[in-house]
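# Remarks on the overall topology
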Amino acid sequence: MKNTEKVAQRLALLEGISLSPADLEWIASEIEDLERVVAELEEFSQDTVWISLQAQPAGKKA
Amino acid sequence: MDGADICELSLTDLSKLLAARELSSSEAVSAALARLERLEGRLNAFITVLRERALATAKKADEEIARGNYRGALHGAPVTIKDMFETAGVRTTGGSKILADWVPETDSALVERLNVAGAIIVGKTNLDEFGHGGTSTLSHFGPVHNPWNVERIAGGSSGGSAAAVASGIGPLSYGTETGSSVRRPASYCGITGFKPTFGIISRHGSFRGAWSQDHVGLFARSVKDLTLGLDPVAGFDSRDPASVHQEQPTYTARLDANVKGLRVGVLRRFLDAVNSEVRQAFDAALKILAGAGCELIDLDVPEVSYAAMTSMMTSSAESAGINRRWFRERHQDFVPHVSRGIAAGMTITASEYLIVQRARHRIREALRATYERVDIIASPTTARVAPLLSDGIKGNGDDTRHASYNHSNLLRFPSMLGIPGCSVPCGINMEGMPIGMQLIGGWFADQTVLNVAFAYQSTTDWHTRRPTLLGR
């Protein structure tokens, strides 16, 4: 998928919110960064356990 | 003693005078309010000033102390709080237009505990909107100015709190930190700032920036004053899911400048990005720690290179979740840069957030192993002194999205991992701006962090330097 398509796909998540062209340009540039960062972090975290954040109710005892 | 002298008192000395009734709370609060009113036009450090309420509460404190009901070090002392904490009957804005007139019916946990301790809240301080920023320029109420040079930023997001303490408007202020919002402004404003381990101070009744990274922290001019402000507000609170069970806090009683034999690690590869004057001040500070008997150990933890991007992605996704509803209904009412950040965060998918948390766990494990080799990690708090306001948000020079050895990694990893950190003043540059050093401990090593900071301040006087703006 081309970069422009990926950006458009993400911008669709903001549907219904009226943003100015300047805002959209800034957000699109953030999204391009985000794509790259996620790829780097995915590579970095390979072989790391998936963590669980299951929480118990306050004061719960076994 | 005149008002200017009262404002220069440490909390340690002020509380002794209040307990002995050699100074009244009414005098102390009046002095803080007078200084606030004299400087506020240049600092813009406050959103709401509680003049009448503070004076009335001070009068009650004086009556209680006169009857022999002295409650402790904060009783009758003027303090300030970031406008992130709910205050019953007093507007709580978060620095946002959206809540510009919102008056909560209940107090936050922090305010409850301050009330029990008898502290007098004189004002609510300015901040980046809902804590989203590192400059305190992203507020609906305008930017905070640095008391050392009003053309420079105070740092954020707790910039109003840092500017207040640096200016002597109360010896103590409480803020919050999600990325670096206590340590950075403390460094830029030449004061001492501390963020404890995640869960030590309850966040109940304060706005969420990013729930897995949000902390309550505090500012003072010295470590000793910090611990006096920490003891009454730390402790378990079932209303905060992150709160941890702990003994009655006794940080002040356990403060100990004997740090001989403690191991202080230095992540040298991250120092390349540091400004030369900051580097010199930091190197001199390390020599002081070595002189106090600490063992300096060079460390290499390459995983920290990913800390800034991991922290930033976590913040973005969580703040988008928190603000989603308001953003859909009122996005035009957010400060523009904050609004754009929330919009970008809303495009992060659930699976991407989980990948980021996996990376975060790898960094956590690397630091867990590191803290088996050292007790403290020391570094410059910020790579450079407070930037000019005219440089805008770019002035901080943060590049949080690149896996390079940039300095934001050092600022960001403590909050992301929930470990304690303290910034202490360690120099002044040629332009007269303060420089800070941060001391970062492992999980629940809060006392060790405070003791090393205390040892440093026991043999240096950087924390006693004051902004020239103050005059008398």
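The notes below deal with the structure included here. Not measured: the values here are computed from a predicted model.

For the rest of this paragraph, the subject is the environment of B:L450. Residue and element names in this part refer to chain B. Considering the arrangement of structural elements, one finds L450 in helix α14 (residues 446–459). Put simply, L450 and A383 are 67 residues apart on the chain and 22 Å apart in space, counted from C-alpha to C-alpha. Setting aside residues up to four positions removed in sequence, L450 forms contacts with V223, T227, Y251, L255 and C422.

Here we come to the interface of chain B and chain A. In this complex, chain B contributes 24 residues to the contact, which on the side of chain A involves 27 residues. Of all the secondary structure elements, the ones that give two or more residues to the side of chain B that touches chain A are α10 (307–330), α11 (336–345) and α12 (350–370) of chain B. Of the residues that constitute the side of chain B that touches chain A, the class distribution is twelve nonpolar, six polar and six charged.

Moving on, we come to helix α2 (residues 21–44) of chain A. The end-to-end C-alpha distance of α2(A), which contains 24 residues, comes to 35 Å, matching closely the 34 Å that a straight helix rising 1.5 Å per residue would cover. Within the sequence span of α2(A), burial applies to A:I27, A:E30, A:I31, A:L34, A:V37, A:V38, A:L41 and A:F44.

In this section: the sheet that holds strand β8 (residues 215–220) of chain B. Strands belonging to one sheet form pairs held by backbone hydrogen bonds; the direction of such a pair is parallel or antiparallel. All names here are of chain B. With respect to topology, eleven strands assemble into an open sheet ordered β1-β3-β2-β6-β8-β7-β12-β13-β11-β9-β10, the strand pairing being mixed. Among the strands making up the open sheet, the edge pair consists of β1 (46–49) and β10 (295–299). Neighbour-to-neighbour, the strand axes of the sheet open up by a mean angle of 25°, direction not taken into account.

Within the largest apolar cluster, 146 residues are counted, with the highest numbers of intra-cluster contacts made by B:L110, B:I120, B:A162 and B:A453. Contacts of B:A162, omitting those with residues within four sequence positions, involve B:A154, B:G155, B:P185, B:A186, B:Y188, B:C189, B:I191, B:G193 and B:F219.

About the criteria used
Residues numbered from 1 in each chain as written. Chains lettered and ligands numbered in written order. Predicted model: local features only at pLDDT ≥ 70, side-chain atom pairs only at ≥ 80, totals over all residues. Helix = DSSP H or I, 4+ residues; strand = E, 2+ residues; numbered from the N terminus. Contact = placed C-beta atoms within 7 Å. Nonpolar A, V, L, I, M, F, W, Y, C, P; charged D, E, K, R; others polar. Expected span 1.5 Å × (residues − 1). Buried ≥ 20, exposed ≤ 12 C-beta atoms within 10 Å, placed from the backbone. Pairing = 2+ DSSP bridges. Axes fitted to C-alpha atoms, helices over the stretch in contact; angles between N-to-C directions. Core = buried A, V, L, I, M, F, W, Y, C linked by C-beta atoms within 7 Å.

Interpretation in functional terms is not warranted from these geometric data alone.
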